[in-house]
Amino acid sequence: MTYQQKTKETDNSVVEFIESVESTKKREDAYKLVDIFTETTGYEAKMWGPSIIGFGSYHYKYESGHEGVAPLVGFSPRKAKISLYFAPGDTKRQELLNNFGKHTTGKGCVYINKVADIDIAVLQTLINQSVQFLQETYPNS
C-alpha cells in the first residue's frame, strides 16, 4: 500500500479561504502574511489541503522511502493561533526565533497570535533561510 499524502496543492482560492476565517483580525493578518511571504519568496500563494497557504514546493524523499511534495514555506490562520510552517530540520531556526517576538513552537511549526507580536524582518529571514535550506537539501525539486 502506498502512502497517500494528505496535504496536496489544490486549485482552491486563497482569498476565498481567507475570507472564510471567522476573526476579522486573523483575516487581516492572513492578508499581511500573504504579502510578506509572496514578496520574500517570489512564489504565488497556493492552497495546500483545506487550510494551509503555501509558497513554492519541493519534493522530498526520506531514507525510509517515504516521499512527497510539500510547500517550501507557508502558514495557516487557525482558530487559536496562526501556524507558520518552515523547513523541518533547519538548525539555524532556533537562533533566529530568539529575536522573533512573541511565539511558541511545535514539532514543525511556529505559532503566533498576531503579526503585530513579531519582527517582520526576522520573519523574512526565517522564510529565506527555510527556502534556501530546502533547496540545498532537496536540490532536484
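Before reading on, note that the structure itself is shown above.
To start, this report covers the structure provided alongside it. In this text the structure is predicted, and so the values were computed from the model without any measurement.

Attention shifts here to the sheet that holds strand E2 (residues 52-55). Ordered in space as E1-E2-E5-E6-E8-E7, the six strands form an open sheet in which the pairing is antiparallel. Only two strands of the sheet have a single partner each, and these edge strands are strand E1 (45-48) and strand E7 (104-105). As paired elements, strand E5 (residues 73-77) and strand E6 (residues 82-85) share four bridges and run antiparallel to each other. The partner of Phe75 across the bridge, within E6, is Leu84.

Before going further, it helps to examine the pairing of E5. Counted residue by residue, E5 has five buried out of five residues, so it is predominantly covered. Neither face of E5 is left uncovered, since the one carrying Val73, Phe75 and Pro77 and the one carrying Gly74 and Ser76 both have all their residues buried. Looking at chain direction, E2 and E5 are connected through three bridges and run antiparallel. Residue pairing across strands places Ile53 opposite Phe75, the latter belonging to E5. Hairpin geometry of E5 and E6 is characterised by an intervening segment of four residues between the two adjacent antiparallel strands.

What follows is about the layout of surface pockets. By volume, the second largest pocket amounts to about 170 Å³. For the second largest pocket, the full set of lining residues is Phe17, Ser20, Val21, Glu22, Ser23, Lys26, Pro77, Arg78 and Lys79. Across the lining of the second largest pocket, the residue classes break down as three nonpolar, two polar and four charged.

Our next topic: the side chain of Ser83. Along the chain, Ser83 falls in strand E6. Owing to a relative accessible area of 3%, Ser83 belongs among the buried residues under this scheme. When sequence neighbours within four positions are dropped, the list of residues in contact with Ser83 reads Gly74, Phe75, Ser76, Arg78, Val110 and Tyr111.

Under the defined criterion, the tally for this structure stands at five aromatic pairs. Seen from their ring centres, Phe37 and Phe55 are 5.1 Å apart, and the 20° between their planes marks the pair as stacked. Pair noted here: Phe37 is in helix H2 (residues 24-41) and Phe55 is in strand E2, with a separation of 18 residues, a long-range link. Given a relative accessible area of 0%, Phe37 falls into the buried group. Phe55 gets classed as buried once you look at its relative accessible area, which sits at 0%. A connected cluster of aromatic rings, assembled from ring pairs, spans Phe37, Phe55 and Phe75.

Here is what the cut-offs are and how they apply
Residues numbered from 1 in each chain as written. Predicted model: local features only at pLDDT ≥ 70, side-chain atom pairs only at ≥ 80, totals over all residues. Heavy atoms only, no water. Pairing = 2+ DSSP bridges. Helix = DSSP H or I, 4+ residues; strand = E, 2+ residues; numbered from the N terminus. Buried < 20%, exposed > 50% of the residue type's maximum accessible area, 1.4 Å probe, protein only. 1 Å grid on protein atoms, 1.4 Å probe; cavity = no way out; pocket = protein on both sides within 12 Å on 5 of 7 lines; lining within 4 Å. Points joined across faces, edges and corners; volume = space filled by probe spheres on them. Nonpolar A, V, L, I, M, F, W, Y, C, P; charged D, E, K, R; others polar. Contact = heavy atoms within 4.5 Å. Phe/Tyr/Trp six-rings, centres within 6.5 Å; stacked < 30°, edge-to-face > 60°.

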